[in-house]
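Next come the chains, spelled out residue by residue.
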Amino acid sequence: MSNQGYDLAIIGAGTSGLEIAKNASKSGLKVCLIEQGHSEGKSYFNKIPLLSGKLLQNDQHCLSFTSQKQTGLRNRELPILQGTGFGGSSLINGNVSYSGFKKKFEDVFSFWPKNLFQRTMDNIYSNTDFLYNREHGYSDKLTNFFGKTLNSVSVPEVGDLDNFLEGWAKIHLNILNSKRHNFSNDFKKNADHINIRKLANTRAIKLLFNNNEVTGVECENLLTKAKTIVNARKIVLSAGTIFSPLILIQSGIGDPKDINKAGVPLKIKQEHVGKHLKDHANFRIEFDCNGFDTLNQKTRGLKLLVELAKYALSQNSIFNSPGATLAWNKSSFNKKNNINDLVRYHLVHFTQERNLLASRGIKFQKAQRASIGCFQVFPKSEGFISFNNEKKIQIDPNYLSNKYDRVLAHKAFISAINLLKKAGFYKSGKDLLSEDIEQNIESETYSGYHLIGTNRMARDKDCGVVDENFKVFGINNLYVCDASIFPDFVSTHQYLPTLAASKIFSFKQGLLSY
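Residues numbered from 1 in each chain as written. Predicted model: local features only at pLDDT ≥ 70, side-chain atom pairs only at ≥ 80, totals over all residues. Heavy atoms only, no water.

Let's talk about the overall build of the protein
In terms of helices and strands, the protein carries 14 helices and 23 strands. Here the C-alpha radius of gyration of the protein, 22 Å, is about what a compact globule of 514 residues would show, namely 24 Å. Dimensions of the protein, computed from the C-alpha atoms along their principal axes, are close to 70 × 50 × 45 Å. The buried share of the protein, taken over its 514 residues, is 60%. Contacts in the protein between residues far apart in sequence, at least 24 positions, make up 71% of those at least 6 positions apart. Element-wise, carbon and sulfur atoms account for 49% of the exposed surface of the protein, whose accessible area totals about 20,300 Å². Each charge sign in the protein was given a centre, from 66 positive and 47 negative side chains, and these centres are 3 Å apart. (Helix = DSSP H or I, 4+ residues; strand = E, 2+ residues; numbered from the N terminus. Rg over C-alpha atoms; globule rule 2.2 N^0.38 Å. Buried < 20%, exposed > 50% of the residue type's maximum accessible area, 1.4 Å probe, protein only. Contact = heavy atoms within 4.5 Å. Areas by Shrake-Rupley, 256 points an atom, 1.4 Å probe, with all protein chains shown as cover. Lys, Arg positive; Asp, Glu negative; His and termini not counted. Charge placed at Lys NZ, Arg CZ, Asp CG, Glu CD.)

This is the structure:
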């Protein structure tokens with residue numbers, strides 16, 4: 001079966017895919033949107049911030065992978081998760097809303113005009129067609145107690161953690177009326193849907209070419225196994241940091257060694273495809289908080305009924321938040337503020353068995369305990385995504401492989417322990433030894449699920465996969481726009497930066513003006 005006549009075929013319906021499809025459809029283009037999932041995010045598990053964690057073990061909403069053994073983390077194999085459906089990971093994540101650091105964005109994308117980042121963010125927040133509403137979620141007695149403790153150790157309260165190297169604030173979420181409210185809502189409301197054909201449950205197998213011009217994509221319906229070819233004038237890969245490079249490799253674009261493992265002929269030698277994978281290596285420190293009920297208690301029995309009633313009445317309820325309520329930035333580990341040393345901490349109002357996340361979702365334990373989540377915002381460690389000799393997907397984030405990252409993680413851990421001591425939650429009678437800290441970091445570090453970099457943007461083909469206009473080097477009419485094009489992190493969270501990139505792509509393609 002062959003589909004003719006599309007102006008634009010978009011592979012992947014996550015943050016970038018939906019935004020580009022919306023803008024293209026409003027410009028009158030005929031769009032084919034190809035998505036291997038089918039969820040539209042209509043269930044209450046998708047809409048209520050706290051409940052989205054229950055979808056992580058559901059393969060109808062979330063794809064689960066296992067990493068390669070992480071040599072820096074005691075050879076542990078870690079769960080790697082990616083959302084699926086029309087909305088991608090935004091249907092299941094915490095919907096935490098941070099655009100990031102203007103200076104970092106301008107440094108990472110130095111080939112773009114200096115004012116492009118600010119113009120793009122202004123477009124997002126001044127959009128008259130859709131309100132990207134940012135609100136604080138749930139807060140409680142423990143939140144307020146930590147805020148006072150941070151003030152007492154000279155960490156100032158700030159209105160918004162974006163662009164602050166030091167400070168604390170309640171976490172910002174894209175929610176409206178206590179429900180998640182983001183680009184997928186914008187797509188549903190404002191896309192010209194008559195111009196969009198959606199192919200759900202459809203996996204892109206490989207791209208098709210005429211010489212060095214992409215002409216279409218071969219797809220397979222995952223339910224019927226029927227094959228189809230979608231032809232289009234332009235094709236955009238928006239399948240995410242995992243699948244976008246894999247589709248290129250399956251199409252013969254990549255490192256010759258990876259192409260050989262995929263069992264396909266080499267089209268273009270491009271050694272950066274699938275390389276430079278980065279993620280936030282997130283470790284947690286659990287602590288007893290006697291006298292403070294956490295989600296471990298508030299999601300059970302009568303207390304749960306009380307919280308449900310408060311949510312129904314639009315009051316301050318645990319259901320308004322993904323489980324973390326307060327965050328703080330610290331970058332002065334070497335006596336002066338340094339953006340490259342920036343660490344983000346979150347106050348997490350529950351404890352869980354994180355190794356069972358893919359099979360059980362977020363399942364709260366029973367003890368009166370909470371945790372501090374911690375990650376380096378701009379890590380140096382890099383890994384890769386590829387196929388092995390059996391053509392199975394390999395994901396190796398290579399967490400904490402860089403010495404600089406390990407040293408900073410050690411310092412960040414000590415800082416968190418010192419704060420817990422100040423708060424009265426750390427009652428060990430002995431000082432932690434260096435080996436104790438290393439053991440905790442190595443055993444409690446997991447993915448932050450903020451994967452980037454595997455099709456990174458660069459000025460020339462010797463340094464990256466796509467040029468400053470998102471076009472794949474050496475192939476006409478083929479583009480990549482998703483988190484994979486980011487050469488480095490620009491923010492503590494990836495959702496808003498990826499949305500910004502898709503708006504910039506739309507602007508460069510003449511689909512959006514601002």
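Thoughts on the sheet that holds strand β21 (residues 393–396)
Read across the sheet, three strands follow the order β15-β20-β21 without closing on themselves; strand pairing throughout is antiparallel. Of all the strands in the sheet, the pair left with one neighbour each is β15 (275–277) and β21. Each adjacent strand pair in this sheet contributes to an overall mean axis angle of 30°, direction not counted. Across two bridges, β15 lies against strand β20 (residues 383–387) in antiparallel orientation. The residue of β20 that forms the bridge with Leu 277 is Gly 383. Contacting β15, β20 and β21, helix α7 (residues 240–250) runs over the sheet at an angle of about 50° to β20. (Pairing = 2+ DSSP bridges. Axes fitted to C-alpha atoms, helices over the stretch in contact; angles between N-to-C directions.)

A few points about the environment of Thr 241
Note that Thr 241 resides in helix α7. Sequence separation between Thr 241 and His 493 is 252 residues; the distance between their C-alpha atoms is 14 Å. In this structure, Thr 241 is in contact with Leu 277, Ile 385, Leu 451, Ile 452, Gly 453, Thr 454, Ala 483 and Ser 484, ignoring residues within four places of it in sequence.

Section: the pairing of strand β10 (residues 202–210)
Relative to strand β11 (residues 213–221), β10 is paired through eight bridges, and the arrangement is antiparallel. Looking at the pairing, Thr 202 lines up with Asn 221 of β11. A loop of two residues connects β10 with β11, the two strands running antiparallel in sequence, and Asn 211 in this loop sits at a positive phi of about 60°.

Observations regarding the packing of helix α4 (residues 116–125) against helix α14 (residues 495–508)
It is the contact of α4 with α14, at a shortest axis distance of 10 Å, that shows an interaxial angle of 100°. When the interaxial angle is binned, α4 and α14 end up roughly perpendicular. Side by side, α4 and α14 meet where Leu 116, Arg 119, Thr 120, Met 121, Asn 123, Ile 124 and Tyr 125 of the first sit next to Leu 496, Leu 499, Ala 500, Lys 503, Ile 504 and Phe 507 of the second. A class-by-class count of the residues in the contact of α4 with α14 yields nine nonpolar, two polar and two charged. (Parallel < 35°, antiparallel > 145°, perpendicular 65-115°, else oblique. Nonpolar A, V, L, I, M, F, W, Y, C, P; charged D, E, K, R; others polar.)

Looking at a positive patch on the surface
Together, Lys 54, Arg 300, Lys 363 and Lys 366 make up a positively charged patch on the protein surface. With respect to the helices and strands, the residue Arg 300 is situated in the loop between α9 (295–298) and α10 (301–312). By relative accessible area, which is 31% here, Arg 300 ends up partly exposed. (Patch = residues over 30% accessible without salt bridge, like charges linked within 9 Å, V, L, I, M, F, W, Y side chains within 5 Å. Salt bridge = Lys/Arg side-chain N within 4 Å of Asp/Glu carboxyl O.)

A word on α7
With ten of eleven residues buried, α7 is to be regarded as a mostly interior element. Those residues of α7 that sit buried are Gly 240, Thr 241, Ile 242, Phe 243, Ser 244, Pro 245, Leu 246, Ile 247, Leu 248 and Ile 249.

Concerning the packing of aromatic side chains
Under the defined criterion, the tally for this structure stands at 26 aromatic pairs. Considering the side-chain rings of Phe 283 and Phe 413, the 5.9 Å spacing of their centres and the 35° angle between planes classify their relative orientation as tilted. On the criterion of sequence distance, the pair formed by Phe 283 in strand β16 (residues 281–288) and Phe 413 in helix α12 (residues 403–423) is long-range, its members being 130 residues apart. For Phe 283, a relative accessible area of 3% gives the class buried. A relative accessible area of 3% means that Phe 413 is categorised as buried. Consider the rings of Tyr 479 and Phe 505, whose centres lie 5.6 Å apart with planes at 70°: the pair is edge-to-face. In this pair, Tyr 479 sits in strand β23 (residues 478–480) while Phe 505 sits in helix α14, placing the two residues 26 residues apart along the sequence. Here Tyr 479 falls in the buried class, since its relative accessible area comes to 9%. Judged by its relative accessible area of 1%, Phe 505 falls in the buried class. Three or more aromatic residues link up through ring pairs in this structure, and these residues are Phe 105, Phe 109, Phe 111, Trp 112, Phe 117, Phe 470, Tyr 479, Phe 486 and Phe 505. The aromatic ring of Phe 292 is capped on one face by Lys 141, whose charged end is 5.1 Å from the ring centroid. (Phe/Tyr/Trp six-rings, centres within 6.5 Å; stacked < 30°, edge-to-face > 60°. Lys NZ or Arg CZ within 6 Å of the ring centre and 35° of its normal.)

Focus on the packing of helix α1 (residues 15–26) against helix α6 (residues 183–190)
Between α1 and α6, whose axes approach to 9 Å, the crossing angle comes to 25°. As judged from the angle between their axes, α1 and α6 are roughly parallel. Read as a crossing pair, α1 and α6 show a hand that is left-handed. Each of Thr 15, Leu 18, Glu 19, Ala 21, Lys 22 and Lys 26 in α1 lies in contact with α6, whose residues at this interface are Phe 183, Ser 184, Asp 186, Phe 187 and Asn 190. (Left-handed = near helix turned anticlockwise from the far one by under 90°.)

What about the sheet that holds strand β7 (residues 172–176)?
Taken together, three strands build an open sheet; the order of strands is β5-β7-β8 and the sheet is antiparallel. Every interior strand has two partners, whereas the edge strands, β5 (134–136) and β8 (179–180), have only one. Bridge analysis of β7 against β8 gives two bridges, and the strand direction is antiparallel. Residue pairing across strands places Leu 176 opposite Lys 179, the latter belonging to β8.

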